[in-house]
Each structure stands twice: as C-alpha cells, then as structure tokens.
Amino acid sequence: MALQCGIVGLPNVGKSTLFNCLSNAKAQSANFPFCTIEPNVGVITVPDDRLTTLVDMCKPRSVVPATVEIVDIAGLVKGASKGEGLGNKFLANIRETDAIIHVLRCFDDDNITHVDGSVDPVRDKEIIDYELLIKDLETVESRMAKTQKQAQTGGDKVAKMQYEVLRQYQEALQQGLPARSVEFETVDEQRFARDLFLLTNKPVLYVCNVDDASAATGNAYVEAVRKAVESENAQILVVAAQTEAEIAELDTFEDRKEFLAEIGLEESGVSRLIRAAYALLDLQTYFTAGEDEVRAWTFLRGSKAPKCAGIIHTDFEKGFIRAEVIKYDDYVTLGSEAAVRQAGKMNIEGKEYIVQDGDIMHFLFNV
C-alpha cells in the first residue's frame, strides 16, 4: 500500500539525519540549506513483536514484515509559498504525501547553523505552518472564483455544496487555522474536501529533535512545542537524531539495547517513530501464518474483509466467499491453528466483517 509520510522542517533541523536512521537510503547531510533537493524515499520495515512471535511459533520458510514509506523532503524556508528556496517544488512534494512528520530543532549546537540564527522550535513551526496555510488559501480562493457564479446564480446543488466547503476552509485559513480543524457532516462534503488535497488537511506528527542528554526526558524546547500544539490534538515524539545515528552504527541487538539502557530508554526513537508514522497514516496489520510464510499485510483502519482480501490478490476480492479469522491472542495462547479450530475459536466472517488489527486470516474465494 503506497501511502507515504513526508518528513518536513526548516533546513538543519535534523531531517536527513533522522531519515538516514530510518532507511538504508542515504540522504546527503550537510550544514547548509537545500542539501536535499529531490525527495528521498525509504521503504521502512515496521517493528512488530507479534510478527516475531508468529515466526517463532510457525518456523516459516519466509517472513514478510509490514512496511511504510517515508519521504525526506528538502528543508522549507520563509517565503516557500512564493517560490523562495525552490519552495514550489518542495510544496508539491508535500502535496503528494498522505501525512506529515514535522521535525523541529529542540537542541543547541553552535556548530550547526540555524537558518534564522537562533533556536526557537515554536517560531520554526509557525514559519512552516504559515507557508502551508498561504498555499492552501491560494488553492481554496482559486476554486472559489471558479465555483462562485455557478453556486450563486444557478440551481446547481453540487456547486453550492462545494462553495460552502470552500468558504468554511477560507474562513479557517484566514484565521490561521489548518484545514484539518474544519469538520464536515455529509459524505459528499467530506469527499470534496479530501479531493482538494490541501496541505494543512494532512495529519501531522511533531518530532522534537533533542540533544543526547534530553533523549529520555525532553527539555524546555519540547515543553514549549507541547504547549503550542495543545489545540491541534497532534502527537509529539521526542527523538535525539544524532543519538539514533550512533545506535544505528552498533552491530548487535545486545549492544543497541545496552546503549539505550544507558541513556534511560527502553526502545529506540526510530522504532517509536516508525510505528507512529504507520498509525498516522491510519494503517493497521493483519497476518497470514503458516509453514511456508508468515506475512504482515497492511490495510486501512475500518476496511472490510473483501477489501483486505484484495490486498493479497484482486481475485480474492472479486470472488470473496468468506474469511476464516483467528484472534492473535487465541493463536498464541492455544499454540497452533489446529488447536484454535479444535477449541472452536476460529470465526467465520462474511463480506461485512471489519478486519481488526492483529487478525490472522484465511480467505475463501471463487472466480
């Protein structure tokens, strides 16, 4: 499933360092703006203890984990909405992603130049917010100009609905509020709003990039960010990108675990970030498990069984008959598929079944 999270931020906030930790793709890291021009795409494995447990139980010949795509987008600057610093190109790259990971610099380091001369993550956030808001306002007002006459002089109900959606967006954006702060009731309104592909309508995760000493506890910069985003209902993640880079250089799992323990962490920031990105895209996982293969399949939260079957093969969806569903906890507790069947814990589900995160599934189909 090719949904993507885009990493954005001002130059020199640690985006590319973080991306390098996430992916085998190596974005150039340099102490000057625009060292990353083309967006780098990394297909990142999603850490999942459930997959590890199923592999230990099934001893399969192959294992396929879930993945998420992360895009490293070059640093935005003030004036990007007007084309400053190759801004139009960068904004277009953001538009193509499905969610935004906004990296904020929350550390002091005289050796790393800040594009605005001082460290202030709330100001940095507001700079990028403003550029995205301005671009969205241009998009909305351009569509309004095309729709207004049709909505006001004709009897076109669709045009009237579209104009009202655009008007509500315009009002919010002019007040400095992101498009995602506006909610619509009807399916038609929601569909039209989604099809506008507004930059500020994308879900956002704020990543506070801190120094090594603040990796476990955060710092005053993080608290300032937390206060600034209170009204957004947005998630904040604290990560020390440079520390993550050092962890990535360690050879063994034991060495990495020991390093994390020394700085007061149970899990790396990269693992937490990957899972947060997966959730930000509203993705969940179901499994197929057997001696041949244990595989994690990615689906959108709320998907029904036929749609999930189609992720394996389109024929599975076209000819869907039913799904055999085992709950992960039942599988682990009872020890095997055969034991689950014998205990009567395998459920037979039809076309209306909404697949749940962690389900272990078999699909029956006929084409």
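Since we're looking at a predicted model, the values are computed, not measured.

Participant: How should I be thinking about the overall build of the chain in this particular structure?
Facilitator: Counting its regular elements, the chain contains 14 helices and twelve strands. Relative to its 367 residues, the chain shows a buried fraction of 48%. Contacts spanning at least 24 positions in sequence make up 70% of the contacts within the chain whose residues lie at least 6 apart. Summed over its atoms, the accessible surface of the chain is roughly 18300 Å², and 48% of this surface lies on carbon and sulfur atoms.

Participant: Before we go on, may I ask you to explain the sheet that holds strand E5 (residues 99-105) in this structure?
Facilitator: By way of backbone hydrogen bonds, the strands of a sheet pair with one another, either parallel or antiparallel. Strand order in the open sheet made by the six strands is E2-E4-E1-E5-E6-E7, with mixed pairing throughout. Whereas interior strands pair on both sides, the edge strands pair on one side only; in this sheet they are strand E2 (40-45) and strand E7 (235-239). Sheet twist, expressed as the mean angle between neighbouring strand axes with direction ignored, is 25 degrees. Where strand E6 (residues 204-209) meets E7, five bridges bridge the pair, whose relative direction is parallel. Within E7, the residue paired with Cys 208 across the bridge is Val 238.

Participant: So what exactly am I meant to see when it comes to the pattern of salt bridges here?
Facilitator: Once their charged atoms are close, side chains differing in charge can pair, the charge on each being opposite to the other. Using the criterion set out here, one finds 18 salt bridges in the structure. One salt bridge connects Arg 50 with Asp 48, and the closest N-O pair in it is separated by 2.9 Å. Of the two residues, Arg 50 and Asp 48, both sit in the buried class. Across the pair Glu 223 and Arg 226 runs a salt bridge whose closest N-O atoms are separated by 3.6 Å. In this pair, Glu 223 and Arg 226 both sit in helix H7 (residues 220-228), three residues apart, roughly one turn of the helix. Judged by its relative accessible area of 44%, Glu 223 falls in the partly exposed class. Taken together, the shared-partner salt bridges connect Asp 48, Arg 50 and Asp 357 into one network.

Participant: Teacher, can you tell me more about the nonpolar core here?
Facilitator: One broad rule of soluble globular proteins: the nonpolar side chains tend to lie buried together. Ranked by size, the top nonpolar core spans 71 residues in total, and within it Ile 70, Ile 101 and Val 207 carry the most contacts. Among the elements that line this core, the one with the most residues is helix H10 (residues 269-280), at seven residues. Setting aside residues no more than four positions away along its own chain, Val 207 makes contact with Leu 18, Ile 101, His 102, Val 103, Leu 104, Leu 237, Val 239 and Leu 273. In this structure, Leu 133, Ala 159, Val 182 and Leu 196 belong to the second largest nonpolar core, which totals 20 residues.

Participant: Mind showing me how you'd approach the environment of Cys 308 here?
Facilitator: Turning to its location among the elements, Cys 308 is positioned in helix H11 (residues 305-312). Excluding residues that lie within four positions of it along the chain, Cys 308 makes contacts with Tyr 286, Phe 299, Ser 303, Val 355 and Phe 363.

Participant: Would you take a moment to explain the packing of helix H1 (residues 15-22) against helix H8 (residues 241-249) for this structure?
Facilitator: Pairs of packed helices are described in terms of their axes, by the angle between the two and the distance that separates them. Running from amino to carboxyl end, H1 crosses H8 at an angle of 30 degrees, the nearest separation of the two axes being 9 Å. Here H1 lies roughly parallel to H8, going by the angle between them. For the element pair H1 and H8, the recorded crossing hand is left-handed. Residues Thr 17, Leu 18 and Cys 21 of H1 pack against Ala 241, Gln 242, Glu 244 and Ala 245 of H8.

Participant: Just to check I follow, could you spell out the side chain of Thr 288 for this structure?
Facilitator: Locating Thr 288 in the fold gives a position in strand E8 (residues 283-289). Since its relative accessible area comes to 16%, Thr 288 is described here as buried. At a separation of 2.9 Å, a polar atom in the side chain of Thr 288 contacts the side chain of Trp 297. Once residues within four sequence positions are removed from consideration, Thr 288 is found in contact with Glu 293, Val 294, Arg 295, Trp 297, Ile 312 and Met 361.

Participant: Looking at this structure, I do not really get a negative patch on the surface. What am I missing?
Facilitator: A surface patch of like charges, here negative, comprises Glu 249, Asp 251, Glu 254, Asp 255, Glu 258 and Glu 262. Of the residues forming the negative patch, the biggest block, four residues, is contributed by helix H9 (residues 253-262). Residue position: Asp 251 is located in the loop between H8 and H9.

Participant: What should I look at first to understand the environment of Arg 143 in this one?
Facilitator: Along the chain, the position of Arg 143 falls in helix H4 (residues 121-153). Sequence spacing of Arg 143 and Gln 162 is 19 residues, and the spatial spacing of their C-alpha atoms is 9.1 Å.

Participant: Can you help me understand H10 in this one?
Facilitator: Turn by turn, an α-helix covers 3.6 residues, leaving residues three or four places apart pointing in a common direction. Between its terminal C-alpha atoms H10 stretches 16 Å, which fits the 16 Å expected from twelve residues at 1.5 Å a residue. Of all the twelve residues making up H10, nine are buried; the element is thus mostly covered by neighbouring parts of the structure. Taken together, the buried positions of H10 are Gly 269, Val 270, Ser 271, Leu 273, Ile 274, Ala 276, Ala 277, Tyr 278 and Leu 280. Positive phi shows up at Asp 282, right after H10, with a value of about 65 degrees.

Rules of the game
Positions within a chain are numbered from 1, following the residues in the order the chain's sequence is written. Two thresholds apply to this predicted model, a pLDDT of at least 70 for residue-level local features and 80 or more for giving and counting side-chain atom pairs, whereas whole-chain, interface and lining totals are computed over all residues. Only heavy atoms go into the side-chain values, all of them from the structure, while hydrogens and water stay out. By the criteria applied, helices consist of DSSP H or I runs no shorter than four residues and strands consist of E runs no shorter than two, each listed in order from the N terminus. Burial here depends on accessible area, computed with a 1.4 Å probe over protein chains only, as a share of the maximum for the residue type. Under 20% is buried, over 50% is exposed, and the range in between is partly exposed. Here a residue-residue contact requires only that any non-hydrogen atoms of the pair lie within 4.5 Å. Accessible areas in this description were obtained via Shrake-Rupley with a 1.4 Å probe; residue shielding takes into account the shown protein chains only. By this definition, two strands are paired if DSSP reports at least two bridges between them. Every angle, taken between N-to-C directions, lies between 0 and 180 degrees, and every axis is a line fitted to C-alpha atoms, over only the stretch in contact when it is a helix. Here, a salt bridge means any Lys or Arg side-chain nitrogen found within 4 Å of an Asp or Glu carboxyl oxygen. Buried Ala, Val, Leu, Ile, Met, Phe, Trp, Tyr and Cys residues that are joined via side-chain atoms within 4.5 Å together make up what is termed a nonpolar core. Any angle between 65 and 115 degrees counts as roughly perpendicular, while under 35 counts as roughly parallel, over 145 as roughly antiparallel, and the rest as oblique. Each crossing gets its hand from how the near helix is turned against the far one by less than a right angle, where anticlockwise is left-handed and clockwise is right-handed. Any N or O atom pair separated by 3.5 Å or less is treated as a polar contact, with the protein-specific requirement of one donor-capable and one acceptor-capable atom, and with residues adjacent in sequence counted only for side-chain atom pairs. Patches here are clusters of residues that have more than 30% relative accessible area and form no salt bridge, with a 9 Å joining cutoff for like charges and a 5 Å cutoff for nonpolar side chains (Val, Leu, Ile, Met, Phe, Trp, Tyr). Note on charges: Lys and Arg go in the positive column, Asp and Glu in the negative column, and His and the chain ends are not counted at all. By convention, the point assigned to a charge is CZ for Arg, NZ for Lys, CD for Glu and CG for Asp. The length a helix should cover is 1.5 Å for every residue beyond the first.

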